[in-house]
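Now for the letters of each chain:
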Amino acid sequence: MLKKVLAAAAVFTAMSLGHANETDKTYWMHIEAQDVFERSLIADTGVSIETVIENSVYAFGNKQELEQIKKQFKVIESFEFDLESFDYPTGDEKFHNYQELTEALQKLQAENPNLVKLSTIGKSVQDRDIHLITISADLSDDSNLPAVVFMGGHHAREHISVEMPLMLAQHLASEFKNGNSEIIKLLHERQVFIIPIVNPDGAEHDIAGGRYKMWRKNRVTNHDGSIGVDLNRNYGFKWASGGASSNPRSSTYHGPEAFSEPETRAVREFVLSKQDQLTTLLSYHTFSELILFPWGHTYNPIADQNAYNVHRTMAETMSEWNNYRPQQSSDLYIASGDTTDWSYGELGLISFTFELDPKNMWNGGFYPGQDTIDIVFEKNIKPALYLIEQADNPYKVLNKSTYGVSFINTDVGAKHAQLSESL
Ligand code: 0X9
Ligand code: ZN
C-alpha cells in the first residue's frame, strides 16, 4: 500500500518536460465538474479524463486545452507533468513486453497445438504483428461455433489490459488440459478469440528506456509532425462526433478519418470476417473499475429495449464477480469512435469496455505495480467465462420465451434481429 501511495505521490510531484516545446507539454489538471454534461464539455476540449470523482475530474492535456478549460471551469489545481523524471518504483518485470508476450503466445500454441492457434490480424504502424489467439476444440477457420472476442492494449500505458487477456488464454488452455469439465465443454461449443495487444508500438514506446512515459496513442506520425492517434477514438461509428479531438497533438486525437490507422483497420477486418460467429466483444482498458456498455457517443440509451436490457443485465451480473460499477459509457463522459459503439452500432455485437483495476490514481493509476496483475485476473476470470458461456445467444439472459411482434430493430442490422428473435 505504501508503495502505491508513493507511486501516486510520484505522479503528483513530477514537474517539468525538458525536451518538449510549449504546445507539447503535458499538464495534469484537477477540474470542478458537477455532472456528466460538464465532464463531456471537458472531454470535448481534447484532454483525456483519467479519474471521475463526485464533483470533479482529473485529466491530462496540453497547454491550449488547459487554457480553454480555465475559461469555462474552475481548475482546482494544475501542473506540468514531467514525463522525463517520472520514476516509478522498479520491480514490474512480471509485465510482458512485446517480445515476451510474443514468446508466451508461441509457447501456448506449441504446448497446446490442438487447442490454441496463434496468427496475426495485421501489422501496426511500426510493422509489429497484431497477434490473434484462437482457442477452441475446433480450430478450423470455417468453424461456425458461436464466438466471442476479447481485446486489450488499445491504450499504450494500460499495461494490465494486456496481461488480462494473456492470462485468460493461459487459463483456458491449462484448465482444458487439467480436465476441468466446464472448460472442456465450453471450448467444444465456442471459439474464443483473443487479441491481447491492439497497440504494440504504443506499449513498447511507453516502456522504452525502462521508464514509463504515460503514452496513450499509437505511434503514427501525423501531418503536423506530432505523434499518435487515439485508437479508441478512431473506430467508424459516429466517428468524430464529440469527446474526441481534431487536434493531432491532443491525447484523444481521432485521426484524419475513421479507421485511418492500421491497428483499428486490422480489428475491423478481423471482426467483419468473423461476424457470422461473433455475438459478443469485450475490450479491456484501465483504470477505474467500471463495466461500460454502449452508447458512448450520446447520452441516449440504446434504443432497442432488448439489446439495452441484455447489456445492462450482463453488466450487472458481471459486476457481482469483479465488484466493478456497471454503467453506460456516456455516463462517464461522451466520447465517440470507441470500439464498442462501433461493434454494437455496426454489427449488433453485445459489447463491453472494462476499466480494470485500480480504482483511482491514488492506488497507482496506470502503473499500480505488478502485484495488481493477479488481483485483476482473479476478479475478472468469472466475467470472461460468463461471456463465453452466453455467447451462443446473449439474449438468453433475458429469460424471455418470445418478444412478440412489437420488436423493432432500431439500432442495428440483421444479425442482432436474428438473435433476438430466435429466443
Ligand atoms: O476514454 C476512453 O477511451 C476510455 N477510458 S480510458 O481511461 N481507458 O482511456 C473509456 C471509453 C468509454 N467510452 C466512452 N465514454 N464513450
Ligand atoms: Zn484506455
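Everything below is about the structure printed above this text.
Asker: Is there a simple way to think about the coordination of the zinc ion (ligand 2) in this case?
Answerer: By definition of the ideal shapes, a tetrahedral metal site with four donors has angles of 109.5 degrees and an octahedral site with six donors has angles of 90 or 180 degrees. Surrounding the zinc ion (ligand 2) are the protein donor atoms His155 (ND1), Glu158 (OE), Glu158 (OE) and His285 (ND1), which sit 2.0 to 2.3 Å from the metal. Positions of the donor residues of the zinc ion (ligand 2), expressed as sequence spacing, correspond to H-x2-E-x126-H. Remark: His285 occurs in strand E9 (residues 278-286) and His155 occurs in the loop between strand E7 (147-151) and helix H5 (160-177); sequence separation between them is 130 residues. There is no split in this pair, since His155 and His285 are both buried.

Asker: Just checking my understanding: could you explain the sheet that holds strand E8 (residues 191-195) for this structure?
Answerer: Strand pairing in a sheet is mediated by backbone hydrogen bonds. Such pairs are either parallel or antiparallel. Strand order in the open sheet made by the eight strands is E5-E6-E8-E7-E9-E12-E10-E11, with mixed pairing throughout. Each edge of the open sheet is held by one strand with a lone partner, namely strand E5 (116-123) and strand E11 (325-328). When the angles between neighbouring strand axes are averaged without regard to direction, this sheet yields 20°. Where strand E10 (residues 290-293) lies against strand E12 (residues 350-356), three bridges are found, and the strand directions are antiparallel. By the bridge assignment for E12, Leu290 is matched with Glu355. Of the strands in this sheet, E5, strand E6 (129-135), E7, E8, E9 and E12 touch H5, which is tilted by about 130° from E9. Seen against the sheet, helix H11 (residues 371-390) touches E7, E8, E9 and E12 and runs at an angle of roughly 180° to E12.

Asker: How should I be thinking about the packing of helix H4 (residues 98-111) against H5 in this particular structure?
Answerer: The packing of two helices is summarised by the inter-axis angle and the distance between the axes. Where H4 contacts H5, the two axes come as close as 11 Å, and the packing angle between them is 15°. Taken as axis vectors, H4 and H5 run roughly parallel relative to one another. Crossing of H4 over H5 shows left-handed handedness. Judged by residue contacts, Leu101, Ala104, Leu105, Leu108 and Glu111 of H4 engage Val162, Leu166, Ala169, Gln170, Ala173 and Lys177 from H5.

Asker: In this structure, what is going on with the nonpolar core? I would like to understand it.
Answerer: Buried together is how nonpolar side chains tend to be arranged in soluble globular proteins. Counting residues in each nonpolar core, the largest one holds 92 residues, and the members touching the most others are Ile135, Phe150, Leu172, Ile195, Tyr284, Met314 and Phe352. Here this core spans two domains, since at least three of its residues come from each of domain 1 (2-85) and domain 2 (98-412). If we skip the residues at most four places from it in the chain, Tyr284 touches Phe150, Met151, Gly152, Gly153, Ser161, Met164, Pro165, Leu168, Phe354, Leu356 and Ala384. Ile31, Val47, Val57 and Ala335 belong to the second largest nonpolar core, which has 18 residues in total.

Asker: Would you take a moment to explain the site of ligand 1 for this structure?
Answerer: Looking at ligand 1, there are 15 residues lining it, with Arg216, Arg233, Tyr333, Asp338 and Glu355 nearest. Ser329 is positioned with one of its backbone polar atoms (N or O) 3.2 Å from a nitrogen atom of ligand 1. A distance of 2.6 Å separates a nitrogen atom of ligand 1 from a polar atom in the side chain of Glu355. With the chains in place, 99% of the 410 Å² that ligand 1 exposes on its own is no longer accessible.

Asker: Could you clarify how one ought to interpret the pairing of strand E1 (residues 26-32) in this entry?
Answerer: As a general feature of sheets, a regular strand has side chains that alternate between the two faces. In terms of burial, E1 is a largely internal element, six of the seven residues being buried. Bridge analysis of E1 against strand E3 (residues 56-62) gives seven bridges, and the strand direction is antiparallel. Following the sheet pairing, Ile31 is matched in E3 by Val57. Note that E1 and strand E4 (residues 75-80) share five bridges and pair antiparallel. Residue pairing across strands places His30 opposite Glu77, the latter belonging to E4.

Procedures and definitions
Residues numbered from 1 in each chain as written. Chains lettered and ligands numbered in written order. Predicted model: local features only at pLDDT ≥ 70, side-chain atom pairs only at ≥ 80, totals over all residues. Heavy atoms only, no water. Donors = N, O, S within 2.8 Å, 3.2 Å for Na, K, Ca; no water. Helix = DSSP H or I, 4+ residues; strand = E, 2+ residues; numbered from the N terminus. Buried < 20%, exposed > 50% of the residue type's maximum accessible area, 1.4 Å probe, protein only. Pairing = 2+ DSSP bridges. Axes fitted to C-alpha atoms, helices over the stretch in contact; angles between N-to-C directions. Contact = heavy atoms within 4.5 Å. Parallel < 35°, antiparallel > 145°, perpendicular 65-115°, else oblique. Left-handed = near helix turned anticlockwise from the far one by under 90°. Core = buried A, V, L, I, M, F, W, Y, C linked by side-chain atoms within 4.5 Å. Domains from an automatic or database assignment. Near = heavy atom within 4 Å. Polar contact = N/O pair within 3.5 Å; in protein donor to acceptor, adjacent residues only side chain to side chain. Areas by Shrake-Rupley, 256 points an atom, 1.4 Å probe, with all protein chains shown as cover.

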